[in-house]
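Listed below, chain by chain, are the residues.
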Amino acid sequence: GLYPGVGKTTSIINYGKNNQNILFVTPFNKLSRQLKKNLKKYYGGNAITLNMLLGIFADGLEKSKNMKEYDINSYDCICFDEIFLHSPKRLKLIDRFIKMNMNTKK
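What you see is a predicted model; the values in this text were computed from it and never measured.

About the criteria used
- One numbering rule holds for all chains: residues counted from 1, following each sequence as written.
- Two thresholds apply to this predicted model, a pLDDT of at least 70 for residue-level local features and 80 or more for giving and counting side-chain atom pairs, whereas whole-chain, interface and lining totals are computed over all residues.
- For the side-chain quantities, the full set of heavy atoms in the structure was used; hydrogens and water were omitted.
- Only when DSSP finds a minimum of two bridges between them are two strands counted as paired.
- Only DSSP runs of H or I covering at least 4 residues are called helices, and only runs of E covering at least 2 are called strands; the numbering of each starts at the N terminus.
- With axes taken as lines fitted to C-alpha atoms, and helix axes fitted only over the stretch in contact, angles between N-to-C directions fall between 0 and 180 degrees.
- Here a residue-residue contact requires only that any non-hydrogen atoms of the pair lie within 4.5 Å.
- Only residues whose relative accessible area exceeds 30% and that take part in no salt bridge are eligible for patches, with like-charged residues grouped when within 9 Å of each other and nonpolar side chains (Val, Leu, Ile, Met, Phe, Trp, Tyr) grouped when within 5 Å.
- Per-residue accessibility takes into account occlusion by the displayed protein chains alone, with areas from the Shrake-Rupley method and a 1.4 Å probe.
- The salt bridge criterion pairs a side-chain nitrogen of Lys or Arg with a carboxyl oxygen of Asp or Glu, the two atoms within 4 Å.
- Counted as a polar contact is a pair of N or O atoms within 3.5 Å, where, for protein atoms, one must be capable of donating a hydrogen and the other of accepting one, and residues adjacent in sequence contribute only when both atoms are in side chains.
- Here a pair means two rings of Phe, Tyr or Trp (six-membered ring of Trp) with centres within 6.5 Å. Their orientation is stacked below 30 degrees between planes, edge-to-face above 60, and tilted elsewhere.
- Only protein chains enter the accessibility calculation, which uses a 1.4 Å probe; a residue whose area is less than 20% of its type maximum is buried, one above 50% is exposed, and one in between is partly exposed.

**Brief notes about the sheet that holds strand E2 (residues 46–49)**
Ordered in space as E2-E1-E3, the 3 strands form an open sheet in which the pairing is parallel. In this open sheet, the two strands that pair with only one neighbour each are E2 and strand E3 (77–80). For this sheet, the mean inter-axis angle between neighbouring strands, taken without regard to orientation, is 25°. Sheet topology places strand E1 (residues 22–26) next to E2; 4 bridges connect them, and they run parallel. What sits directly across from Phe24, in E2, is Ala47. Against the sheet, helix H1 (residues 8–16) engages E1 and E3, with an angle of about 160° to E1.

**Notes on unusual backbone geometry**
Even without a glycine there, the phi angle at Glu82 is positive, about 50°. Here Glu82 is to be found in the loop between E3 and helix H4 (88–100).

**Considering a nonpolar patch on the surface**
Judged by side-chain polarity, Leu2, Tyr3 and Val6 come together as a nonpolar surface patch covering roughly 380 Å² of accessible area. Among the structural elements, Val6 can be located in the segment before H1.

**Notes on the side chain of Thr9**
Locating Thr9 in the fold gives a position in helix H1. Within the structure, the side chain of Thr9 is placed 2.7 Å from the side chain of Asp81, a separation counted as a polar contact. What Thr9 contacts, discounting residues up to four positions off in sequence, is Phe24, Leu35 and Asp81.

**Some details on the packing of aromatic side chains**
The way to describe two aromatic rings as a pair is by their centre distance and the angle between their planes. One pass over the structure, following the stated rule, counts 2 aromatic pairs. Ring centres of Tyr70 and Tyr75 lie 6.3 Å apart, and the angle between their planes is 35°; on these two criteria the pair is classed as tilted. On the basis of relative accessible area, Tyr75 is assigned to the buried category, the value being 8%. Their ring planes at 75° and their centres at 6.2 Å tell us that Phe80 and Phe97 sit as a pair that is edge-to-face. Taken as a pair, Phe80 in strand E3 and Phe97 in helix H4 lie far apart in primary sequence, 17 residues in all.

Geometric descriptors of this kind do not, in isolation, establish any biological role.
Below, the structure written as structure tokens:
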């Protein structure tokens, strides 16, 4: 599904109904809050921003000294929702995160 509203996020939420603990990573706080509301209706899960996942400032380039990377160990799956809304620099950070965490899960 390349187009908005075709059910990409809903498909992942439905996948989570099968006892999968899914972490949604979004580009914006507002989207994270909306997803959290929807996830509570179904099974739980969580939604955070990319900045929270990586422990970076809003500019997306500098690590925060007060913030650590988000603990992903309790999740079975990570979904980068609305990934096309990220800038090329942020996409590179996502790529680096995925490569560094490829063997994190069983």
